[in-house]
Amino acid sequence: MSNIVRRIINLKAVKQRILPASASIRWKQTQPRTATDKLRDGPSLQDFLQQSPSVADIHQVQRAADIPYLPKEPLLGHKRKVFFEIYGCQMNTNDTEIVWSILKSHDFQRTGTIKDADVVLIVTCAIRDGAESTIWNRLKHIRLMKEKRHESKPLQIGVLGCMAERLKKQLVEKEQAVDVVAGPDSYKDLPRLLAVGQKGQKAINVMLSLDETYADVIPVKLDRKSRTAFVSIMRGCDNMCSYCIVPFTRGKERSRPISSIREEALIIHGKGIKEITLLGQNVNSYRDTSAYIDGKKQASIMAPGFKTVYKTKVGGMRFAELLMELAETVPEMRIRFTSPHPKDFPTAVLETIARYPNICNSLHLPAQAGSSTVLERMRRGYSREAYLNLVHEVRSTITNVTLSSDFICGFCGETEEEFAETISIIERVKYHTAFLFAYSMREKTTAHRRYVDDVPEEVKQFRLREMIRAFRAGAEELNRQFIGREELVLVEGVSKRSKDDLSGRNDGNIKVIIPACDVPMGDATSNERKTIVSGDYVAVRITESNSQILKGVPLYHTTISEFAAREKGYTARNVMTSC
């Protein structure tokens, strides 16, 4: 029985206990439910009996962006202006684009100035305590803005995302100014929630779903000038790492059908986007079970030496097949993905990445710790040795691969010896990019139930500085290896530090700074020249580096396939052309 049907039955049971049967009938006859009643209370059983009698239809109603038991008029925004504030990961940026797509279709408008807003929606992160503290402080500031508003232009405040899912009613109780609270799986309900909240009531929907992927919603980009875009391919996580709150705020893993992802990629490509990043909490555990496949169902294959806390999953189209499909569908568009788990890098995935020039040779391999005993307490499902073996296979399979990682210091019970192993793995592997954090205990997690957060804060901060030092030394060494090489750079726009320079990224996701100028088309010897603009692919000779960026000289305009053919045909030329 679905949750929505169960909720309807429970509501009916409560009404029957309060009123006799005859009184209930008279109540329904004399008190017709208005649109406002329906907005507040949700559907009655009669609504579904009249409009969608089958279970399949009820599931379809849950997936629909519009709510069939309500007239659309009360759900419309009537040109009300929405201001978004986004915190946290790339998934939150993509979620905001999904939210904006839904609200735009309901006659809301978007504003880039909070003072002009009728609605402020804060898309939140709950991964660390510091992120939540920032949002609590921001809510206090927005509350003051709301209190100063004239009654003719009230301000409505909504909190969306992981923090909304984790704290639920506390957000409304602690911060009285919050009108709407919506979890990651309830964005299609936002038009109704905003309508209810506008009438002075608090509106909350934090129900997690087993099947919501927003596959039927095409996100609307917030930055129209950008030539890169995010594409969500799966949601939720089943890994249950002991330190992580994500399974409790994002729910169980579920994946979009490959057909819907391919369709979105084609739409994005048609709008001039040159690079997409596939998103998911455990993106490479992708498994499309929507289509029937003849023959015996295959079990998921993990990298050697890795295990999980859940049973082996069987059947479905896997991540390697999705990558192959997209690489062939949009050959002139770069494909990246984040955030993966190291266990889901079997040989088939690595070989697919190596085979296609438009799948970027940059992998995120989040280690989290370098000590096998800490990794066991974290429930990561691998040892130090298994992780190092995977790094070796990655670098053996994918030419010129760049690696990034996540590390946490100060996890429960971490000793000096265990932390030293984390430093040693950072120094041994060397990463081009790393996301380094001091541990922050989260409620509901396994660590919260089983362990004590016993590493002093000053020790955590010292260890964090040591990790940063080790990472930067390795990154600086790796980036020096780019000097003299010819790199394919996707230009993203003007550099933040100088209007005379442009900024872009190479295949390895390293920022590259080049002078703004015109360069030859197709080949350095061509007489036809074109000014470099955002969205151009340019061959660049790297001349300088540090631990964070590369600098170079642009050589000529090119494409992904042309640049790959040159790389295969001959080594980079030694003669540089300059602007």
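Quick caveat: nothing in here was measured; it's all calculated off a predicted structure. (Residues numbered from 1 in each chain as written. Predicted model: local features only at pLDDT ≥ 70, side-chain atom pairs only at ≥ 80, totals over all residues. Heavy atoms only, no water.)

Q: Looking at this structure, I do not really get the overall build of the chain. What am I missing?
A: The helix and strand inventory of the chain stands at 20 helices and 23 strands. Each of the 579 residues in the chain was classed as buried or not, and the buried ones make up 51%. Residue pairs in contact within the chain that sit at least 24 positions apart in sequence constitute 73% of those at least 6 positions apart. As presented, the chain carries roughly 27,000 Å² of accessible surface, and 52% of it is formed by carbon and sulfur atoms. (Helix = DSSP H or I, 4+ residues; strand = E, 2+ residues; numbered from the N terminus. Buried < 20%, exposed > 50% of the residue type's maximum accessible area, 1.4 Å probe, protein only. Contact = heavy atoms within 4.5 Å. Areas by Shrake-Rupley, 256 points an atom, 1.4 Å probe, with all protein chains shown as cover.)

Q: Looking at this model, I keep getting lost on the packing of aromatic side chains. Mind explaining?
A: Any aromatic ring pair is given by two values, namely how distant the centres are and how the planes are angled relative to each other. All chains considered together, the criterion is met by ten aromatic pairs. Aromatic pair phenylalanine 306 and tyrosine 382: ring centres 5.0 Å apart, planes at 45°, arrangement tilted. In this pair, phenylalanine 306 sits in the loop between strand S11 (287-288) and strand S12 (317-318) while tyrosine 382 sits in the loop between helix H15 (372-378) and helix H16 (384-397), placing the two residues 76 residues apart along the sequence. An identical accessibility class is assigned to phenylalanine 306 and tyrosine 382; each is buried. Both rings, one in phenylalanine 337 and one in phenylalanine 345, keep their centres 6.2 Å apart while their planes meet at 45°; by these two values the pair is tilted. One exposure class covers both phenylalanine 337 and phenylalanine 345, and it is buried. One aromatic cluster is present, formed by Tyr243, Phe411, Tyr439 and Tyr451 through successive ring pairs. (Phe/Tyr/Trp six-rings, centres within 6.5 Å; stacked < 30°, edge-to-face > 60°.)

Q: Is there a simple way to explain the sheet that holds strand S2 (residues 109-110) in this structure?
A: As a general point, the strands of a sheet are linked pairwise by backbone hydrogen bonds and lie either parallel or antiparallel. In spatial order, the strands read S2-S1-S3-S4-S5-S6; together these six strands make up an open sheet with parallel pairing. Either end of the sheet is taken by a strand with one partner, and the two such strands are S2 and strand S6 (203-205). Taken together, the three bridges between strand S4 (residues 156-161) and strand S5 (residues 180-182) define a ladder with parallel strand orientation. Each bridged residue has a counterpart across the sheet, and for glycine 158 the counterpart in S5 is valine 180. Strand contacts of helix H6 (residues 90-104): strand S1 (81-86), S2, strand S3 (119-124) and S4, with the helix running at about 170° to S1, the strand carrying the most contacts. Across the sheet, helix H10 (residues 190-198) lies against S3, S4, S5 and S6, angled at about 160° from S5, the strand it touches most. (Pairing = 2+ DSSP bridges. Axes fitted to C-alpha atoms, helices over the stretch in contact; angles between N-to-C directions.)

Q: How should the pairing of strand S18 (residues 501-506) be read in this particular structure?
A: For a regular strand, side-chain orientation follows a simple rule: the groups alternate between the two sheet faces. Relative to S18, strand S17 (residues 486-494) is paired through five bridges, and the arrangement is antiparallel. Across the sheet, residue valine 494 finds its bridge partner in S18, namely leucine 502. Between S17 and S18, which pair antiparallel and follow one another directly, the connecting turn spans six residues. As defined by bridge partners, S18 adjoins strand S19 (residues 511-515) across five bridges and the pair is classed as antiparallel. Among the inter-strand pairings, glycine 504 is bridged to a residue of S19, identified as valine 512. With antiparallel pairing between neighbouring strands as the criterion, S18 and S19 make up a hairpin whose turn holds four residues, including asparagine 509 at a positive phi of roughly 70°.

Q: I tried to follow H16 on my own but got confused; where do I start?
A: An α-helical segment advances 3.6 residues per turn. Residues three or four places apart therefore align on the same side. Here H16 spans 20 Å end to end across 14 residues, near enough to the 20 Å set by a 1.5 Å rise per residue. Tucked into the core, H16 has its buried residues touching helix H14 (347-355), strand S14 (362-364), H15, strand S15 (402-409) and helix H17 (416-429). (Expected span 1.5 Å × (residues − 1).)

Q: Honestly, the sheet that holds strand S10 (residues 275-279) in this entry has me stumped. Any pointers?
A: In spatial order, the strands read S7-S10-S13; together these three strands make up an open sheet with parallel pairing. For this open sheet the edge positions go to strand S7 (228-232) and strand S13 (334-338), each flanked by a neighbour on one side alone. The mean angle between the axes of side-by-side strands here comes to 25°, regardless of whether they run parallel or antiparallel. Inspection of the sheet shows S10 paired to S13 by five bridges, in the parallel sense. Bridge pairing in S13 places threonine 277 opposite arginine 336. Together, S7, S10 and S13 form the strand contacts of H6, whose direction differs from that of S7 by roughly 90°.

Q: I would appreciate a short explanation of the side chain of histidine 432 in the present structure.
A: Structurally, the position occupied by histidine 432 is in the loop between H17 and strand S16 (433-438). Judged by its relative accessible area of 9%, histidine 432 is buried. The contact partners of histidine 432, leaving out residues within four places of it in the chain, are Val401, Thr402, Leu403, Phe471, Ala475, Leu478, Asn479, Phe482, Ile510 and Ser547.

Q: Any chance you could explain unusual backbone geometry here in plain terms?
A: The bulk of non-glycine residues show a negative phi, and the bulk of peptide bonds are trans. Here threonine 338 and serine 339 are connected by a cis peptide whose omega angle stands at 0°. Its place among the elements puts serine 339 in the loop between S13 and H14. Of note in the backbone geometry, tyrosine 214 takes a positive phi value of approximately 60° without being a glycine. Looking at the secondary structure, you find tyrosine 214 in the loop between S6 and S7. Of note, the phi angle at asparagine 509 is positive, near 70°, even though the residue is not glycine.

Q: What exactly am I supposed to notice about the nonpolar core here?
A: Note on soluble globular proteins: their nonpolar side chains tend to be buried together. If you look at the biggest cluster of nonpolar residues, it comprises 75 residues, and the most contacted ones within it are Ile233, Leu278, Phe319 and Leu363. Of all hydrophobic cores here, the second largest spans 23 residues; its members include Val82, Phe108, Val123 and Ala203. (Core = buried A, V, L, I, M, F, W, Y, C linked by side-chain atoms within 4.5 Å.)

Q: In this structure, what is going on with the environment of glycine 280? I would like to understand it.
A: Within the secondary structure layout, glycine 280 lies in the loop between S10 and S11. Along the chain, glycine 280 and methionine 91 lie 189 residues apart, while their C-alpha atoms are 7.1 Å from each other. Not counting residues up to four positions away in its chain, the partners in contact with glycine 280 are Met91, Met234, Thr338 and Ser339.

Q: Can you help me understand the environment of isoleucine 549 in this one?
A: Turning to its location among the elements, isoleucine 549 is positioned in strand S23 (residues 549-557). Distance in space between the C-alpha atoms of isoleucine 549 and isoleucine 513 is 7.5 Å, their sequence separation being 36 residues. Non-local contacts of isoleucine 549, meaning those with residues more than four positions away in its chain, are made with Asn479, Lys511 and Ile513.

Q: Please clarify how helix H7 (residues 129-148) should be interpreted in this entry.
A: The end-to-end C-alpha distance of H7 is 30 Å, a good match for the 28 Å that 20 residues give at a rise of 1.5 Å each. Turning to H7, its buried residues are Glu132, Ile135, Trp136, Leu139 and Ile142. Looking down the long axis of H7, one finds its buried residues gathered within 130° of arc, a one-sided arrangement. Structurally, H7 contributes buried residues whose contacts are with S1, S3, S4, helix H8 (162-167) and helix H9 (169-174). (Arc of directions from axis to C-beta.)

Q: What should I look at first to understand the pairing of strand S22 (residues 537-545) in this one?
A: Looking at chain direction, S17 and S22 are connected through five bridges and run antiparallel. For leucine 488, the partnering residue across the bridge sits in S22 and is alanine 539. As judged from the seven bridges shared by S22 and S23, these two strands associate in the antiparallel manner. Each residue of the ladder has a partner; that of serine 545, found in S23, is leucine 550. In sequence, S22 turns back onto S23 through a hairpin of three residues.

Q: Just to check I follow, could you spell out the environment of valine 455 for this structure?
A: Note on placement: valine 455 falls in the loop between helix H18 (446-450) and helix H19 (457-480). Distance in space between the C-alpha atoms of valine 455 and glycine 410 is 5.7 Å, their sequence separation being 45 residues. Excluding its chain neighbours within four sequence positions, the residues that come into contact with valine 455 are Gly410, Phe411, Gly413, Glu414, Lys460 and Arg463.

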